[in-house]
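# Structure at a glance
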Amino acid sequence: MAEMVKSTTSSGPTVAEGNLVSRFFRATEIDTRLLGMIGALVIIWIGFHIITGGLFLTPRNLWNLSVQTTDIAVMTTGMVLIIVTRNIDLSVGSVLGLCAMIMGVTQAKILPEFIGFDSPFTWIITLIVGLLAGALIGTFQGLIIAFLNVPSFIVTLGGLLVWRGVTWLVTSGQTVAPMDQTFRIMGGGAEGSIGATWSWIVGVLACLFVIGSILNSRRQRKRFGFPRRPIWAEYFLSALSCVLILGAVWIANSYYWPINIAKKYAETNNIPWPETGLDIPYGIAVPVLIAIVVGIMMTFIATRLRFGRYVFAIGGNPEAAELAGIKTRWVTVRIFALMGMLAAVAAAISTARLNAATNAQGTLDELYTIAAAVIGGTSLAGGTGTIAGAMLGALVMQSLQSGMVLAHVDTPLQSVVVGAVLVVAVWLDTVYRSRAK
């Protein structure tokens, strides 16, 4: 035990130094900025729960909150990489709207003529078309930024206007509906949830994944001679992660289908309706699973792949990265192409949830995406940012919106609050960076 404590701090001050709190954070290596965001989120939740008379912290609202956060959470994972490289993308909301309209037209008007309605391939073809459209749009903007040396602010500001106009031209402003039944699963709802049993299975697998990751990290640290956390810290992090995961699953399973939907399900499946009613848990929503998978993949890309190291190297010092042999122009193109694909994924979630593709989809989403990334700790000066922090920032943003809606706050005042939060987040980032120097 003594050896492990010593190895944890071989490259810096000993764990015995400092007070109990500082020793705890040093041993567990918990990101204090991320912990501060979680604390702010808890305060927001408790505050709105009191203001709304106990409506906010209910399984129903928390389940809806998780679903409403997904499209912004997906896009903010890509925005992190863009901001890290000292760029910006103001067009993601318009790209979402255009990809949504393309996918809506594809499955509602084009594919039925060739493969008929309710084909099992409709949702697959639609999703592929949407992803290709998003990738092409992102690549096009990335090429202009990287090879024509036009600032990303100008290119994507133009894209915000251009792609919104193209969205209107696709159907002359008409709404396209309804969507394919299988495609709608990506939007959540009664059909877009995995139920109680599968939710517990997913929760247990997630716990095993976290524990396995912690053990593997410890093994790799030992292999390369890096400092290791004390064994009690490993146990604490494993237990805390599992409690949070299983707690989230319990909340998701505590929200039941509405009576009308449950009755229809019972009639369809010849299930006798009991006098006390039929409680069918929603479980984890499919869009939430999609967002989690995207977050894990983007974290892997940003932290484990050479491409991710190039991104942060460019953000830290573009000139040095280029002198080191990194093809900075092509890295920029790939980042924007990836951002376009993530906007398409968010478009699929949004369209499936609405069961329609509308001309207004994605309006102002670019601002919420950028705000989520910045609130999550991504520095506008470049070089710093985390995927987990950005997704947590998206949850903070959506919590503010959801709470203000439940509290019957006027829409103009909601915009004032969101704008003020963004300014404060940037100010806090500036203060943090100045103290770090």
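Residues numbered from 1 in each chain as written. Predicted model: local features only at pLDDT ≥ 70, side-chain atom pairs only at ≥ 80, totals over all residues. Heavy atoms only, no water.

### A word on helix H2 (residues 20-28)
Going by this rule: Under the rule applied, a polar contact is a pair of N or O atoms within 3.5 Å (in protein, one hydrogen donor and one hydrogen acceptor; residues adjacent in sequence only if both atoms are side-chain atoms). We count a stretch as a helix when DSSP gives it H or I for four or more residues in a row; a strand needs E for two or more, and each element gets its number in order from the N terminus.
Structurally, the start of H2 carries an N-cap: the backbone nitrogen of Val21 is 3.2 Å from a side-chain oxygen of Asn19. Backbone geometry just after H2 places Glu29 at a positive phi near 60°.

### Points about the side chain of Thr69
Under the convention used in this document: Each residue is assigned to one of three classes by its accessible area relative to the maximum for its type, calculated with a 1.4 Å probe on protein chains only: buried under 20%, partly exposed between the two thresholds, exposed over 50%. By definition, residues are in contact when any of their heavy atoms lie within 4.5 Å.
The residue Thr69 is located in helix H4 (residues 59-84) in this model. On the basis of relative accessibility, which here comes to 7%, the residue Thr69 falls in the buried class. Ignoring sequence-local partners within four residues, the contact set of Thr69 consists of Ala394, Leu395 and Gln398.

### What about the pattern of salt bridges?
A side chain with one charge can pair with a side chain of the opposite charge if their charged atoms come near. Worth spelling out the cut-off: The salt bridge definition used is simple: a Lys or Arg side-chain nitrogen within 4 Å of an Asp or Glu carboxyl oxygen.
Under the defined criterion, the tally for this structure stands at 5 salt bridges. Of the charged contacts, one joins Glu29 and Arg221 as a salt bridge, the two residues approaching to 2.8 Å between their closest N and O atoms. Placement of Glu29 in the loop between H2 and helix H3 (32-51) and of Arg221 in helix H8 (residues 195-224) is noted, with a sequence separation of 192 residues between them. On the basis of relative accessible area, Glu29 is assigned to the partly exposed category, the value being 36%. With a closest N to O distance of 3.3 Å, Glu29 and Arg229 form a salt bridge. On the criterion of sequence distance, the pair formed by Glu29 in the loop between H2 and H3 and Arg229 in the loop between H8 and helix H9 (231-253) is long-range, its members being 200 residues apart.

### As for the environment of Leu364
If you trace the backbone, Leu364 turns up in the loop between helix H14 (328-354) and helix H15 (365-375). With relative accessibility at 41%, the residue Leu364 sits in the partly exposed group. The sequence separation of Leu364 and Leu160 amounts to 204 residues, and the corresponding C-alpha distance is 9.9 Å.

### As for the layout of surface pockets
We count it as follows: For each structure, a 1 Å grid was placed over the protein atoms alone; sets of points admitting a 1.4 Å probe that cannot get out are labelled cavities, open sets with protein on both sides within 12 Å along at least five of seven lines are labelled pockets, and lining residues have an atom within 4 Å of a point. Grid points are joined across faces, edges and corners, and a volume is the space filled by probe spheres set on the points. Classification convention: Asp, Glu, Lys, Arg as charged; Ala, Val, Leu, Ile, Met, Phe, Trp, Tyr, Cys, Pro as nonpolar; all other residues, Gly among them, as polar.
Each pocket or cavity is described by its volume, and for the second largest pocket that value is around 600 Å³. Lining the second largest pocket are 24 residues; nearest its centre among them are Arg33, Gly36, Met37, Ile375 and Leu428. Among the elements of the structure, H3, H15, helix H16 (387-406) and helix H17 (411-436) are those that each provide at least two residues to the lining of the second largest pocket. Here the lining of the second largest pocket gets 7 residues from one element, more than from any other, and that element is H3. Grouping the constituent residues of the lining of the second largest pocket by class yields 13 nonpolar, 8 polar and 3 charged.

### Topic: the domain arrangement of the protein
For clarity, the threshold we go by: Residue ranges for the domains originate in an automatic or database domain assignment. What counts as buried area is the accessible surface, traced by a 1.4 Å probe, that two parts surrender upon association, with contributions from both included.
Each domain of the protein was delimited in the assignment, giving domain 1 (52-191 + 285-429) and domain 2 (193-284). Placing a centre on the C-alpha atoms of domain 1 and another on those of domain 2 gives a separation of 25 Å. In this assembly, 12 residues from domain 1 lie in contact with 12 residues from domain 2. Summing both sides of the interface, domain 1 and domain 2 together bury roughly 1100 Å²; the carbon and sulfur share of this comes to 72%. At the boundary of domain 1 and domain 2, one finds 0 salt bridges. Joining domain 1 to domain 2, the criterion identifies 4 residue pairs in polar contact (both at pLDDT 80 or more).

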